[in-house]
Amino acid sequence: MAFAALAGLTACTPAEKPVLALHVVGGQPALVVAECAEFTADRISVYTVDATPATSWTIDRNGDGDGDVTEVSFFALPAGWTPDEQTLTAFEPGVEYSVAAYGDRHNALPVHFILAEVTGLRPDQVLVNDGGTKRKAVTETAFRDRAKKVC
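Quick summary incoming for the structure in this document. What you see is a predicted model, and the numbers here were worked out from it, not measured in a lab.

1. Focus: the nonpolar core
Soluble globular proteins: nonpolar side chains tend toward being buried together. Ranked by size, the top nonpolar core spans 36 residues in total, and within it Leu 22, Leu 31, Ile 44, Val 46, Val 99 and Phe 113 carry the most contacts. Beyond its immediate sequence surroundings of up to four residues, Leu 31 is in contact with Leu 20, Ala 21, Leu 22, Ile 44, Thr 70, Glu 71, Val 72, Phe 74 and Val 99.

This is the structure:
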């Protein structure tokens, strides 16, 4: 009986949305957020994976409703956002990172990456989640089309 109740609870958990991607701006990774009626980012965090000490760069949207973002240059505060944890200040070669965005109704699928994966993208490509910690390069058009279908 308890298993059935637990299974029912997990079935109601909103699915994470594939609305995040990474591309290159000025030689550095930047976050792309696809438009989605079911997702609005309230918190964005990029953090080290399996590193000691763990570090992160985390920002929160101001409570006044401003601050919708479609692109975020890491380590630069977008208008309408406030800093939270700021222990990550630069990307290092060979270190694995993950970027996540959290919303009030849904969260976004996180994207894991290392610096070379992003800086090696062609100008028309973005890096997206490809299941769990896997990732792949796709065209920005394909990324936006997929996001539009699930939103």
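2. Some points on the pattern of salt bridges
Counted by the stated rule, this structure contains 10 salt bridges. Taking the shortest distance from any N to any O, the salt bridge between Arg 61 and Asp 68 comes out at 2.9 Å. Residue classification places Asp 68 among the exposed positions, given a relative accessible area of 62%. Note that Arg 135 and Glu 96 form a salt bridge whose closest N and O atoms lie 3.1 Å from each other. Here Glu 96 lies in strand β7 (residues 96-103) and Arg 135 lies in strand β10 (residues 135-139), a separation of 39 residues in the sequence. Of the residues examined, Glu 96 reaches a relative accessible area of 25% and is grouped as partly exposed.

Cut-offs applied
- Residues numbered from 1 in each chain as written.
- Predicted model: local features only at pLDDT ≥ 70, side-chain atom pairs only at ≥ 80, totals over all residues.
- Heavy atoms only, no water.
- Core = buried A, V, L, I, M, F, W, Y, C linked by side-chain atoms within 4.5 Å.
- Buried < 20%, exposed > 50% of the residue type's maximum accessible area, 1.4 Å probe, protein only.
- Contact = heavy atoms within 4.5 Å.
- Salt bridge = Lys/Arg side-chain N within 4 Å of Asp/Glu carboxyl O.
- Helix = DSSP H or I, 4+ residues; strand = E, 2+ residues; numbered from the N terminus.

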